There are 2 protein chains.
Amino acid sequence: MVVFLGIDGGGTGCRAALADASGAILGFGTAGPANVNSDVAGTFANVMAATRMALTGHDIPETDLVAVLGLAGANVSMAVAQLRQMLPFARIRIVTDAVTAARGALGGSDGIVAAMGTGSVFAVQRNGIMRQFGGRGFVLGDQGSGAVLGRALLAEALRADDGFAEMTPLLAEVLDELGGVEGIITFGFRASPAEFAAFAPRIVQGDDPAARRLFDAAVTELRDLMRILQAGDSLPLVFLGGLGPFYADRLRDLWEIRTPIGSGLDGAVRLALEEA
Amino acid sequence: MVVFLGIDGGGTGCRAALADASGAILGFGTAGPANVNSDVAGTFANVMAATRMALTGHDIPETDLVAVLGLAGANVSMAVAQLRQMLPFARIRIVTDAVTAARGALGGSDGIVAAMGTGSVFAVQRNGIMRQFGGRGFVLGDQGSGAVLGRALLAEALRADDGFAEMTPLLAEVLDELGGVEGIITFGFRASPAEFAAFAPRIVQGDDPAARRLFDAAVTELRDLMRILQAGDSLPLVFLGGLGPFYADRLRDLWEIRTPIGSGLDGAVRLALEEA
């Protein structure tokens, strides 16, 4: 009997689901973080722990499993190659967690997924073929993400202090909170993407003029990217992540917005079944 | 007899000049780095070493000196306060190296200085009063600087790889040099501002369409900042730094461009004489 394993692994934890050839779920498991680029050995340990938990009560050898792993950090090919060599499964496909999230969100339908959280990443499924775009990280990419929006807010506060931009209540509030210009500069050099992203809720909500300007610019940029990904089609959009609903509200006049039909774990199981 | 000390200190070295009340130079000295924010104790040691070299052959006690120090990192007030307590001079004024560079470049005349190197910083001298703008660092500021231009080039190469921007010969060259998309992402997370800035010469010269677009945008941004700093006046501009001549070429139809009349060390001595 062939058994299928789906893994959804991110920076905070990893989940496993076991399915038979009909797609019926035989078991679930969970374990710690699985960002393969940050920690190959830890990812291996947590993927195996979640898998063994899912296998509990079944007499199925690990070496019989057809596995699809959606992992954070899986765009770094050297880390992926190392992990692949360590895993005992019969068949192994490793993709980014963005691919499994998009597959879970869309199911079998064509569409575009925009995951707008601390980072951002896009996927297009067309005639059943999924392709990932963006997701290049905080320094050089992650258009429209919470971290990029938060960084833009702090940069605008510094410009306003110099008289290069209009000072607004939100910019003054942020200058005050972080200890003025020096405080913002110091924060900027040491802050993680998550710390920058913590400012995003105040940008996408409320009616501060600077916030509106920054979010309008981000919406315009995202709209242009979506147009390029549509390539003349009119695929439905599915938004994921904490900022997803705010972008969805701004783009629903242009394209159909759908809610995700499943999770990243559903996507991993679905992809595993297709490996048969 | 009152003796005046000017110090010009940056990330690679520090220079001292000693002058009498007429401005006649009595001695010079040099020593290692003096970025007060990076290293207060090292800055103190190097400022004193350069000062003692400048004092060689003179019977002048350090405690008699009227000193102006232009130091990298002097926009961080805690570091400046620590250094001030350690220095033995009779009078001490500590400003950023941008202020002494601008004072040296303009002398006594009104004008705007734009220092366009790895970073960027601006200063306006109006009726003899100098005010600094920008210079907020690579993450949140440094508009038009080499590091910001280089980072924009790498981000554009990633966008082009995704089909979000036109692929050009320069973008293809950069993708190839850094080992493709993965190589650029990895480089982006670890590169220093100087490493990003190493790409700037290829952006400001040549006729690659992506380079032209990025430099045009930077010129427009700098022009807008200069307009704000002019505040309706028509002050001459002085450009410093490796990218200065390229911006000067693009803005000489709008404002008079002057060459700097002196160095940052000249500026520090001049400011020290004004402390009398």
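Every value quoted in this text rests on a predicted model; they were computed, and no experiment measured them.

Q: Just to check I follow, could you spell out the packing of helix α3 (residues 97-106) of chain A against helix α11 (residues 264-274) of chain A for this structure?
A: Axis angle and axis distance: for two packed helices, these are the angle between their axes and the distance between the axes, and together they describe the pair. Residues and elements named next belong to chain A. At their nearest, the axes of α3 and α11 sit 6 Å apart, and the two run at 90° to each other. Taken together, the axes of α3 and α11 are roughly perpendicular relative to one another. In contact with V99, T100, A101, R103 and G104 of α3, α11 contributes G264, G267, A268, R270, L271 and E274. A breakdown of the residues in the contact of α3 with α11 according to their chemical character gives four nonpolar, four polar and three charged.

Q: Looking at this model, I keep getting lost on the side chain of Q125 of chain B. Mind explaining?
A: Residues and elements named next belong to chain B. Inspection of the secondary structure puts Q125 in strand β7 (residues 120-126). By relative accessible area, Q125 is classed as buried at 0%. Engagement of the side chain of Q125 in a polar contact is seen with the backbone oxygen of S109, the distance being 2.8 Å. Once residues within four sequence positions are removed from consideration, Q125 is found in contact with R103, L106, G107, G108, S109, D110, G111, M130 and L235.

Q: What am I meant to see in the UniProt feature "domain: ATPase BadF/BadG/BcrA/BcrD type" (unreviewed entry) in chain A here?
A: Look at the UniProt record and you will see "domain: ATPase BadF/BadG/BcrA/BcrD type" (unreviewed entry) annotated at residues 5-204 of chain A. With 41% helix and 25% strand, the stretch residues 5-204 of chain A has end C-alpha atoms that lie 38 Å from each other.

Q: I would appreciate a short explanation of the sheet that holds strand β1 (residues 3-9) of chain B in the present structure.
A: Residue and element names in this part refer to chain B. Taken together, five strands build an open sheet; the order of strands is β3-β2-β1-β4-β5 and the sheet is mixed. On the outer flanks of this sheet lie β3 (25-31) and β5 (91-96), each paired with one strand and no other. Sheet twist, expressed as the average angle between the axes of neighbouring strands with direction ignored, equals 15°. Sheet topology places strand β2 (residues 14-19) next to β3; six bridges connect them, and they run antiparallel. Bridge assignment links C14 to a residue of β3, and that residue is A31. Along the sheet face, helix α1 (residues 40-55) touches β1, β2, β3 and β4 (65-71) and points at about 145° away from the line of β3. Those strands touched by helix α3 (residues 97-106) are β1, β4 and β5, and its axis lies near 90° from that of β5.

Conventions adopted
Residues numbered from 1 in each chain as written. Chains lettered and ligands numbered in written order. Predicted model: local features only at pLDDT ≥ 70, side-chain atom pairs only at ≥ 80, totals over all residues. Heavy atoms only, no water. Axes fitted to C-alpha atoms, helices over the stretch in contact; angles between N-to-C directions. Helix = DSSP H or I, 4+ residues; strand = E, 2+ residues; numbered from the N terminus. Parallel < 35°, antiparallel > 145°, perpendicular 65-115°, else oblique. Contact = heavy atoms within 4.5 Å. Nonpolar A, V, L, I, M, F, W, Y, C, P; charged D, E, K, R; others polar. Buried < 20%, exposed > 50% of the residue type's maximum accessible area, 1.4 Å probe, protein only. Polar contact = N/O pair within 3.5 Å; in protein donor to acceptor, adjacent residues only side chain to side chain. UniProt positions renumbered as here; feature names shortened; annotations may be inferred. Pairing = 2+ DSSP bridges.

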